[in-house]
Amino acid sequence: MPLLPADFIKFIEKFNGFCAEGNCIWGINTLKHSFNDILSENLHSHNPTPDNLLLLGSTETCYIGYFKSSKQYSMIDKASFMVLHNFKDFTDAVRYV
């Protein structure tokens, strides 16, 4: 699994995730890795490229992901893992959600 990007770390330090109307940016729960925990969600996903793609959150039909190789945030279809939209940074990805 890729390392967390710096701008995501800043977000997690301040908010440690959020969910609103079924749209989530996952946080970190060091005591009990469970629902909406970034580690748990990545381990239980069917991500075809876990060494390159880190899943950061989800909507009902999409994941918000970070591609290590391109340093790009993307909206990714949950069923096909096809990239639907790219973002210039994490802030733009969060605004989209």
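Structure shown above.
Residues numbered from 1 in each chain as written. Predicted model: local features only at pLDDT ≥ 70, side-chain atom pairs only at ≥ 80, totals over all residues. Heavy atoms only, no water.

Chemist: Can you walk me through the nonpolar core in this structure?
Modeler: Soluble globular proteins: nonpolar side chains tend toward being buried together. With 23 residues, the main nonpolar core has Phe8, Leu56, Tyr73 and Phe90 as its most contacted residues. Of all the elements in the fold, those that place two or more residues in this core are α1 (6–15), β2 (23–25), β3 (53–58), β4 (62–67), β5 (72–77) and α3 (90–96). Looking at which element gives the most residues to this core, the answer is β4, with five residues. The contacts of leucine 56, once residues within four sequence positions are left out, are Phe8, Ile25, Trp26, Ile38, Ile64, Gly65, Tyr66, Tyr73 and Phe90. (Core = buried A, V, L, I, M, F, W, Y, C linked by side-chain atoms within 4.5 Å. Buried < 20%, exposed > 50% of the residue type's maximum accessible area, 1.4 Å probe, protein only. Helix = DSSP H or I, 4+ residues; strand = E, 2+ residues; numbered from the N terminus. Contact = heavy atoms within 4.5 Å.)

Chemist: Sorry, what's going on with the packing of aromatic side chains here?
Modeler: Any pair of aromatic rings gets described here by the distance separating the centres and the angle formed by the planes. A full pass over the atoms with the stated rule returns ten aromatic pairs. Each ring, one from tryptophan 26 and one from tyrosine 63, has its centre 6.3 Å from the other, and the planes form 70°; the classification is edge-to-face. Taken together, the residues span a long stretch of sequence, with tryptophan 26 in the loop between β2 and α2 (38–44) and tyrosine 63 in strand β4 at a distance of 37 residues. By the burial criterion, tryptophan 26 is buried, and tyrosine 63 matches it. Within the aromatic cluster, the residues linked to one another by ring pairs are Phe8, Phe11, Phe15, Phe18, Tyr66, Tyr73 and Phe90. (Phe/Tyr/Trp six-rings, centres within 6.5 Å; stacked < 30°, edge-to-face > 60°.)

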